[in-house]
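Breakdown of the fold
These are the residues of each chain, in order.
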Amino acid sequence: MIWYTVVVGLVGLVVLDYAWGLAKHIRVARRSGLPYVIALDQPNILFMVLFGTTLLPYMISWLPPWLADIMNDNLGSFRWRVKNRQTKRYGGVYLNVSPHGIRCSVGDAAVVSQIVNARHDFPKPVFQYRILDMYGPNIVTCEDKEWSHHRRHTATTFHEKNNDLVWRESIRQAREMADYWQETYPVNIPHGSGFTIQETREDLHKLTLNVISSAGFGVDMPFKPIPQDSLKSTEDIFKDSPTPPAGFDFTFRSVVSYMNVKIATMALANKILPTWVPRVLLPFLKDDFAAYRDLDQYLQKLISVNKSGVTGTETASNLIEGMLLSRRPDDAKDPGLTDREVISNMHIFTIAGHETTATTSRFALLLLALDQDVQDWVYNGIVEATKNEPSDVKDWDYERIFPKLVTPLCVMLETMRLYPPVITVPKWTGETPSTIHYRGKDYVLEPHVKVSLNAGSLHYSEEYWGRDAALFQPQRWDVCNHESFLAQNADMPGLAGPGLEYPTIHKPVRGAYLPFSDGFRACLGKKFAQVELVAALAVLLRDYRVELADNSEEGRGNACRILDKSTSVLTLAMRESVPLLFRKR
Ligand code: HEM
């Protein structure tokens, strides 16, 4: 009886706490004057990484659509699926109220622009990013003065010399990947040759990882691993061999990809777990401890290799050199990044810079396979851009050819519009109230209100993209397409946002396109990613036509279903594979 009373009492307390929290936040929401929606709760990123399985969306799919939208909107992993439906119901700015807080969803371009340009009123909620500072604070996990310090010494490294490196490496990797695919998965097709890839994910990740490895760290890796006996010098520890070098549990490539896939358990083992807990008691985290240690050692080694090559007079090519060159030992106020800070930023470049581009290219290939007319348009654009250029892609010149490859760039922009790798850009109001100006009125958001700049909603809005907003139409971006809905913006001032700095493309309303965020904290690697993806697409599509391996009605339906069920764990991705056929042109 006592136990019964204790359990009932505890449950009662939890329910009371829940009801009290909800009532309190509803009062706050009402005071703001903005429309609000009551939600169950807002799980954190770690919860979603660990528990955001397929079961949850399955359960949600049984709910009535309006309730499913509320649930999905509040479970970060599934938010993209709501597109702009909640914005249609509640307006461009509305609040999600739960017992544990308030989250303001923003799907209005003008309000997005205000927020991204008001860094002090709407800082980044860096407390949500602790999982990413395993190796110490870095540009993504800091705010305020500390962030300025990191940004100053990292932004300068993303310049055209580095983009040239990205270009050459992406071309090399795309060629090697196509050769490897042709060798490994050939198929007999009537009137020609080609290959079928059951799952592009792993190889596209490998391609982008190799590009960041080369253009970021100065470590060139072949697409295919080299035999172990060719490791000769200590620098060779970075070469991709089937087994790790002496003293390591992982090869460089395998530790970087392990870190990407197992980021949650690595953070648990190396960041959250107190250091006094004996590691031998946790055999199931053995690989996470080893991966952390190995990556640290590799990165330290890379710093020392790069230090010896940096003279202080040249311009850096790769990103590590760039960070080292930015050091000013005589400047007492800001001498530059310490070795530890360089390591932490390298770690974050790897995370920020490889999964995002890989997932975009995976979506792009499937979307092109589904739409052969669009693919013809892209192909013709590539042929036109390269018609007087060397036939061997390795001789393609970055400065001359990249600006002409408009059609693959349009594919990338359109893919990221419909499938933005980062579905929500998070901000918050911090410790003081902050005001937004929305449709002619001021609204005050109280302290500690989270703010989500909702790319899914903005990118599917008919107001910003026209009636065909939900369709894959890369041609809408092409400045030569005068029929495009975006053409009407041509005379509007101040449109070019991050990733849109090209005279060859139409610009959407500022704030309506957010794949690289915007304002102070916009993506540093946007051009890096664009050069990489445009080069890789041009190389692949020039020589191959990509199709669905199963192009029956059922196969197409299945591909569309898989696209539609994409979820976000760190980045938006398809959770099932769609086999693709590459037909040699
Ligand atoms: C398609 C590819 C990419 C997409 C969609 C993308 C998207 C984004 C977004 C949305 C942000 C803002 C995140 C936030 O504020 O929470 C961001 C920031 C950042 N990205 Fe990217 N990114 C891409 C590629 C890259 C690459 C290739 C690199 C580096 C090699 C990179 C490095 C960074 C860094 C360092 C930041 C932090 C900037 C700051 O806070 O000041 N990104 N990216």
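Position numbers for residues count from 1 along each chain, tracking the sequence in the order it is written. At least 70 in pLDDT is required for a residue's local features to be given in this predicted model, at least 80 for side-chain atom pairs to be given and counted, and no such filter applies to totals for whole chains, interfaces and linings, which use all residues.

1. Side note on the overall build of the protein
A helix here means a DSSP run of H or I that spans at least four residues, while a strand means a run of E at least two residues long, and both kinds are numbered starting from the N terminus. Each helix and strand counted, the protein has 21 helices and 13 strands in total. With the principal axes as the frame, the protein shows a C-alpha extent of 75 × 60 × 55 Å. Using C-beta atoms placed from the backbone, we call a residue buried if 20 or more other C-beta atoms fall within 10 Å of its own, exposed if 12 or fewer do, and partly exposed for counts in between. Scored against the burial criterion, the 585 residues of the protein give a buried share of 45%. Expressed as a percentage of contacts within the protein between residues at least 6 apart in sequence, the contacts between residues at least 24 apart total 71%. Contact criterion: two residues are in contact if their C-beta atoms, reconstructed from the backbone, are within 7 Å.

2. Focus: the packing of helix 8 (residues 160-184) against helix 9 (residues 201-217)
In this analysis, axes come from line fits to C-alpha atoms, helices being fitted only over the stretch in contact, and the angle between any two N-to-C directions falls in the range 0 to 180 degrees. Where helix 8 meets helix 9, the closest approach of the two axes is 9 Å, and the angle between their N-to-C directions is 145°. The two elements helix 8 and helix 9 meet at a crossing, and its hand is right-handed. Only Asp-203, Leu-207, Asn-210, Val-211, Ser-214 and Ala-215 of helix 9 make contact with helix 8, whose side of the interface consists of Asn-162, Leu-165, Val-166, Glu-169, Ser-170, Gln-173, Ala-174 and Met-177. Residues are grouped as follows: Ala, Val, Leu, Ile, Met, Phe, Trp, Tyr, Cys and Pro are nonpolar; Asp, Glu, Lys and Arg are charged; all remaining types, including Gly, are polar. The residue inventory of the contact of helix 8 with helix 9, partitioned by class, reads seven nonpolar, five polar and two charged. By convention, the crossing between two helices is left-handed when the near helix turns anticlockwise from the far helix through less than a right angle, and right-handed when the turn is clockwise.

3. Quick look at the domain arrangement of the protein
A common way to express how large an interface is: the accessible area buried when the components associate. The domains assigned to the protein are domain 1 (2-116 + 430-461) and domain 2 (151-416 + 515-584). Note that domain bounds follow an automatic or database assignment of domains. For domain 1 and domain 2, the distance between their C-alpha centroids amounts to 33 Å.

4. Overview of the sheet that holds strand 13 (residues 580-584)
The four strands are arranged 4-5-13-10 in an open sheet whose pairing can be described as antiparallel. Every other strand in the sheet has two partners, leaving strand 4 (186-189) and strand 10 (544-548) as the edge strands with one partner each. Neighbour-to-neighbour, the strand axes of this sheet turn through a mean angle of 35°, independent of strand direction. Think of it this way: DSSP has to see at least two bridges between two strands before they count as a pair. Relative to strand 5 (residues 192-197), strand 4 runs antiparallel, the two sharing four bridges. By the bridge assignment, Val-187 is partnered in strand 5 with Gly-194. Along the sheet, helix 14 (residues 339-370) makes contact with strand 10 and strand 13, crossing strand 10 at roughly 80°.

5. Brief notes about the UniProt feature "binding site: heme" (unreviewed entry) in the protein
UniProt positions are given in the numbering used here, feature names are shortened, and annotations may be inferred rather than shown by experiment. On the UniProt side, "binding site: heme" (unreviewed entry) is annotated at positions that read Cys-523 here. Relative to the elements of secondary structure, Cys-523 occurs in the loop between helix 19 (462-465) and helix 20 (526-543).

6. Section: helix 8
The length a helix should cover is 1.5 Å for every residue beyond the first. With 25 residues, helix 8 should reach 36 Å at 1.5 Å per residue; the first-to-last C-alpha distance of 35 Å fits that figure. Listing the buried residues of helix 8 in full gives Asn-162, Leu-165, Val-166, Trp-167, Glu-169, Ser-170, Ile-171, Arg-172, Gln-173, Ala-174, Met-177 and Trp-181.

7. Some thoughts on the sheet that holds strand 3 (residues 101-106)
Read from one edge to the other, the open sheet built from five strands follows the order 1-2-3-9-6, with strand pairing classed as mixed. Each of the sheet's edge strands pairs with one partner strand only, and the pair in question is strand 1 (36-38) and strand 6 (424-428). Between one strand and the next, the sheet's axes are offset by a mean angle of 25°, whatever the strand orientation. Alignment of strand 2 (residues 93-98) against strand 3, held across six bridges, turns out to be antiparallel. Opposite Ser-98, over in strand 3, you have Gly-101 as the bridge partner.

8. Let's talk about the environment of Asp-179
Tracing the sequence through the fold places Asp-179 in helix 8. Judged by the 12 C-beta atoms lying within 10 Å of it, Asp-179 falls in the exposed class.

9. A word on the pairing of strand 3
In terms of burial, strand 3 is a largely internal element, five of the six residues being buried. Across four bridges, strand 3 lies against strand 9 (residues 450-454) in parallel orientation. Looking across to strand 9, one finds that Cys-104 is bridged to Val-451.

10. Here's the deal with the site of the ligand
The rule is simple: place the C-beta atom from the backbone, and if it lies within 6 Å of a molecule or strand, the residue is near it. The environment of the ligand is made up of 27 residues, and the closest members are Gly-353, Thr-356, Cys-523, Gly-525 and Ala-529. Mapped by element, the contributors of at least two residues to the shell around the ligand are helix 9, helix 14, strand 6 and helix 20.

11. Structural notes on the UniProt feature "transmembrane region" (unreviewed entry) in the protein
Mapped onto the present numbering, the UniProt feature "transmembrane region" (unreviewed entry) falls on residues 6-23 and 44-63. Secondary structure content for residues 6-23 is 100% helix and 0% strand, while the C-alpha to C-alpha distance between its ends is 25 Å.

12. Brief notes about the pairing of strand 6
Each regular strand displays side chains that alternate between the two surfaces of the sheet. Among the five residues that make up strand 6, four are buried, leaving the element largely enclosed by the rest of the structure. Relative to strand 9, strand 6 runs antiparallel, the two being bridged by five bridges. Following the sheet pairing, Trp-428 is matched in strand 9 by Lys-450.

13. Examining the nonpolar core
Put simply, a nonpolar core is buried Ala, Val, Leu, Ile, Met, Phe, Trp, Tyr and Cys residues tied into one set by C-beta atoms within 7 Å. Judged by nonpolar contacts, the single largest core of 141 residues is most densely connected at Val-112, Ile-115, Val-255, Leu-405, Val-534, Ala-535 and Leu-537. If one sorts the elements of this core by residue count, helix 14 sits on top with 15 residues.

14. Quick word on the packing of helix 8 against helix 20
Direction vectors running N to C along helix 8 and helix 20 enclose 35°, while the axes themselves pass 8 Å from each other. Here the hand of the crossing between helix 8 and helix 20 comes out right-handed. In this structure, helix 8 uses Asn-163, Val-166, Trp-167, Ser-170, Ile-171, Ala-174, Arg-175 and Ala-178 to contact helix 20, whose residues at the interface are Lys-527, Phe-528, Val-531, Glu-532, Ala-535, Ala-536, Val-539, Leu-540 and Asp-543. Taken together, the residues that form the contact of helix 8 with helix 20 break down as 11 nonpolar, two polar and four charged.

15. Details of the environment of Val-11
The topology assignment puts Val-11 in helix 1 (residues 2-32). Classification of Val-11 as exposed rests on a count of 10 C-beta atoms within 10 Å. Sequence separation between Val-11 and Val-219 is 208 residues; the distance between their C-alpha atoms is 56 Å.

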